[in-house]
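Per-entry structural report
Next come the chains, spelled out residue by residue.
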Amino acid sequence: MAGLDKRVASYEAALEGLTDGMTLLAGGFGLCGIPENLIAEVQRRQVQGLTVVSNNCGVDGFGLGILLENRQIKKMVSSYVGENKEFERQFLAGELELEFTPQGTLAEKLRAGGAGIPAFFTKTGVGTLVAEGKELREFDGETYVMERSIVTDVSLVKAYRADKSGNLQFRLTARNFNPAAATAGKVCIVEVEEIVEVGEIA
């Protein structure tokens, strides 16, 4: 029995339902494994007021940085904010909200969200700004902070290969946040370098 064909003809068709105010999750780490063509289509569509979750926010002029320059991002949830002058400028001017999240915690927030786990406890961030306003609990004499998982309206992912049913294969370090990002969106949109028949991916 043939699987459901999940391919679409264009980036435009893939992002058909994207609207203002959505939460958007983008895979990638630095500029490695980012869905750059999908990001470019988000910019072209001119949607506004986005909350974007990603390890970082690209660089000036590339990746998620183009959405910043276009003033499409209202809030950023990320673990690294360096190497982007426009990010720094908007944040310091009070034009951009930032939810700073330690990298391992961000990875777990995405993994937990994709697994249907609403929250978890971690020692990371206890006693710092990261824990402010969050529930603390003691386990075996140690203090932990409760972190809510993340599920977004849409996740944008870059993979090396996909079959027509949407099974994905990642290549080397471009894998990074992409598998977790794929599961943590209510809808996952993937750009790939190659599409193969179902059964061709080992």
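Just above, that's the structure.
What counts as what
Residues numbered from 1 in each chain as written. Predicted model: local features only at pLDDT ≥ 70, side-chain atom pairs only at ≥ 80, totals over all residues. Heavy atoms only, no water. Phe/Tyr/Trp six-rings, centres within 6.5 Å; stacked < 30°, edge-to-face > 60°. Lys NZ or Arg CZ within 6 Å of the ring centre and 35° of its normal. Salt bridge = Lys/Arg side-chain N within 4 Å of Asp/Glu carboxyl O. Helix = DSSP H or I, 4+ residues; strand = E, 2+ residues; numbered from the N terminus. Buried < 20%, exposed > 50% of the residue type's maximum accessible area, 1.4 Å probe, protein only. Pairing = 2+ DSSP bridges. Axes fitted to C-alpha atoms, helices over the stretch in contact; angles between N-to-C directions. Contact = heavy atoms within 4.5 Å. Right-handed = clockwise from strand over helix to strand, strands pointing away.

**Comments concerning the packing of aromatic side chains**
By convention here, two paired aromatic rings are described through the distance between centres and the angle between planes. A complete count under the given rule lists 3 aromatic pairs for this structure. Ring geometry for Phe139 against Tyr144: centres 5.5 Å apart, planes inclined by 80 degrees, an arrangement best described as edge-to-face. Members of the aromatic cluster, joined through ring pairs, are Phe121, Phe139 and Tyr144. Over the ring of Tyr160 we find Arg171, and its NZ or CZ is 5.4 Å from the ring centre.

**Notes on the pattern of salt bridges**
Considering all chains together, one arrives at 17 salt bridges under this definition. Of the charged contacts, one joins Glu36 and Lys158 as a salt bridge, the two residues approaching to 3.7 Å between their closest N and O atoms. In this pair, Glu36 sits in helix 2 (residues 36–45) while Lys158 sits in strand 8 (residues 152–163), placing the two residues 122 residues apart along the sequence. Of the residues examined, Glu36 reaches a relative accessible area of 27% and is grouped as partly exposed. The buried category is assigned to Lys158, whose relative accessible area is 15%. Shared partners join several salt bridges into a network, and the residues in it are Glu12, Glu41, Arg44 and Arg45.

**Points about the sheet that holds strand 5 (residues 119–122)**
Pairing between the strands of a sheet comes from backbone hydrogen bonds, and it takes one of two forms, parallel or antiparallel. Across the sheet, which stays open at both edges, the 3 strands sit in the order 5-7-6 with antiparallel pairing between neighbours. On the outer flanks of this sheet lie strand 5 and strand 6 (136–139), each paired with one strand and no other. Averaged over all adjacent pairs, the angle separating strand axes in this sheet is 40 degrees, with direction ignored. Relative to strand 7 (residues 142–148), strand 5 is paired through 4 bridges, and the arrangement is antiparallel. Note on strand 7: the bridge partner recorded for Thr122 is Val145. Contacting strand 5 and strand 7, helix 5 (residues 103–115) runs over the sheet at an angle of about 155 degrees to strand 5.

**Points about the pairing of strand 4 (residues 97–100)**
Bridging between strand 3 (residues 73–78) and strand 4 involves 4 bridges; their strand directions are parallel. Within the sheet, the bridge partner assigned to Lys75 lies in strand 4 and is Glu97. Of the crossover connections in this fold, the one passing from strand 3 over helix 4 (residues 85–92) to the parallel strand 4 is right-handed.

Just distances and angles here, no functional claims.
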